[in-house]
Amino acid sequence: MSGPIVLAHGVGGRQDLPLTPAQLAIGAALALVVSFVVLGVAWREPRLDPDAGRPAPGWLARSASALAWPLHIAGVALLVVLLVQFFRADDEDNPAAGLVYVLFWVGLVPLSLLFGSGAWRTLNPLRTIVRLVRRDGGRALPEGLGYWPAAAGLFAFAWLELVAPDRATLPVLGAWLAVYAAAMLAGGLVYGTAWFDRGDAFETLGDLVGRLSFVGRRSDGTLVWRNPSTASPGCAPPPGSSPSWWCCSARRSSTPCPARRSGCASCRRTGCPRR
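## Brief notes about the overall build of the chain
Helix and strand counts for the chain come out as 14 helices and 3 strands. For the chain, restricting intrachain contacts to residue pairs at least 6 apart in sequence, the fraction spanning at least 24 positions comes to 70%. By element, 68% of the accessible surface of the chain is carried by carbon and sulfur atoms, the whole surface being about 15,800 Å².

Below, the structure written as structure tokens:
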């Protein structure tokens, strides 16, 4: 008799892949070596500018603004669809685990790549609820907060997906989502929607991935078409940003600090390491 199947992620496992361990190792090694060789040969001087890009047509910018509230409502509707699944039978036909681990978790990356950093920020139903309830903006975030709440949230979700027993069952998945939603709503009710910029793990991840999108906004809010990765350089990152914003730190030595031009608040407070 065969032993029990241990899932490598929330749903599915390594045994489902049509690749041998040797093929996976060779592919990973080649990707690593080729990427460093290309960077070493082709990237000998700073080329990234977070404010670069060609302004999008006016009608497109207006359409993006007009679609904001319909997308807010769509995000709340998606939350309702997910909640309904927790009142159904906890069997293999229940799509709750697939909605969370596949549609949402895996889909967050292509969503942010295609539509930019604000994609999940616009759809996030918890942010929409706080926006409706807390209209006065809330308290100012503590200066030392940084991205520690978001980093903790990413760690907690990684634990859920990779380690937690019975992570595809409704009780375990529902308990985690309920605790996370309660923490986000509590922070939002105290600090307003600004809480989600630093406290929501998925908004933070979406913002990081969205920096590699071909569409984005300049520091003045202008919608632009841009070369992917031009928005990845950054200056002195706030506390807790290393786990989720490592890309900015990794590029720091090869890119000009935008604080010299934009007056980054973090650099004014802590001092940019490249000044």
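Additional details are given in the paragraphs that follow.
## Some points on the pattern of salt bridges
Scanning the entire structure with this criterion turns up 6 salt bridges. Across the pair D197 and R121 runs a salt bridge whose closest N-O atoms are separated by 3.9 Å. On the criterion of sequence distance, the pair formed by D197 in helix α10 (residues 194-199) and R121 in helix α6 (residues 119-123) is long-range, its members being 76 residues apart. In this structure D197 comes out as partly exposed when scored by relative accessible area, which is 37%. For R121, a relative accessible area of 29% translates into the label partly exposed. Residue R127 pairs with D197 through a salt bridge whose shortest N-O separation is 2.7 Å. Remark: D197 occurs in helix α10 and R127 occurs in helix α7 (residues 125-133); sequence separation between them is 70 residues.

## Some words on the nonpolar core
In this structure, Y101, F157, L160 and F202 are the most contacted members of the largest nonpolar core, which totals 28 residues. Among the elements that make up this core, the one with the highest residue count is helix α9 (residues 170-191) (6 residues). Excluding anything up to four places from it in sequence, F157 contacts V100, Y101, W105, W176 and F202.

## Examining unusual backbone geometry
Among all residues save glycine, negative phi is the norm, and among peptide bonds the norm is trans. Its identity is not glycine, yet D166 carries a phi of approximately 55°, on the positive side. Of note, D166 is situated in the loop between α8 (148-162) and α9. Of the residues examined, D166 reaches a relative accessible area of 55% and is grouped as exposed.

## Regarding the packing of α8 against helix α11 (residues 201-210)
At their nearest, the axes of α8 and α11 sit 8 Å apart, and the two run at 100° to each other. Here α8 lies roughly perpendicular to α11, going by the angle between them. Listed contacts from α11 to A150, G153, L154 and F157 of α8 are A201, F202, T204 and L205. Residue composition of the contact of α8 with α11, by class: 6 nonpolar, 2 polar and no charged.

## What to know about the packing of aromatic side chains
Using the criterion set out here, one finds 11 aromatic pairs in the structure. Here the aromatic rings of W105 and F202 are separated by 6.0 Å at their centres, their planes lie at 80°, and the arrangement is edge-to-face. On the criterion of sequence distance, the pair formed by W105 in the loop between α4 (96-104) and α5 (108-115) and F202 in helix α11 is long-range, its members being 97 residues apart. For F202, a relative accessible area of 5% translates into the label buried.

## Let's talk about the confidence of the model for the chain
Summary statistics for the chain give a mean pLDDT of 80 and a share of 75% for residues scoring 70 or more. Across the chain, element-level confidence peaks in α9 with a mean pLDDT of 96 and bottoms out in helix α12 (residues 246-251) with 38. Residue range residues 243-275 is modelled with pLDDT below 50. Its contacts to residues more than four positions away, or to other chains, number 64 contacts.

## Considerations on a nonpolar patch on the surface
Together, W69, I73, I129, L132, V133 and L189 make up a nonpolar patch on the protein surface, roughly 560 Å² of accessible area in all. At the level of elements, α3 (68-85) and α7 are the ones that each hand at least two residues to the nonpolar patch. The biggest single contributor to the nonpolar patch is α7, with 3 residues. Locating L189 in the fold gives a position in helix α9. Among the residues examined, L189 registers a relative accessible area of 40% and is labelled partly exposed.

Calculation criteria
- Residues numbered from 1 in each chain as written.
- Predicted model: local features only at pLDDT ≥ 70, side-chain atom pairs only at ≥ 80, totals over all residues.
- Heavy atoms only, no water.
- Helix = DSSP H or I, 4+ residues; strand = E, 2+ residues; numbered from the N terminus.
- Contact = heavy atoms within 4.5 Å.
- Areas by Shrake-Rupley, 256 points an atom, 1.4 Å probe, with all protein chains shown as cover.
- Salt bridge = Lys/Arg side-chain N within 4 Å of Asp/Glu carboxyl O.
- Buried < 20%, exposed > 50% of the residue type's maximum accessible area, 1.4 Å probe, protein only.
- Core = buried A, V, L, I, M, F, W, Y, C linked by side-chain atoms within 4.5 Å.
- Axes fitted to C-alpha atoms, helices over the stretch in contact; angles between N-to-C directions.
- Parallel < 35°, antiparallel > 145°, perpendicular 65-115°, else oblique.
- Nonpolar A, V, L, I, M, F, W, Y, C, P; charged D, E, K, R; others polar.
- Phe/Tyr/Trp six-rings, centres within 6.5 Å; stacked < 30°, edge-to-face > 60°.
- pLDDT = per-residue confidence, 0-100.
- Patch = residues over 30% accessible without salt bridge, like charges linked within 9 Å, V, L, I, M, F, W, Y side chains within 5 Å.

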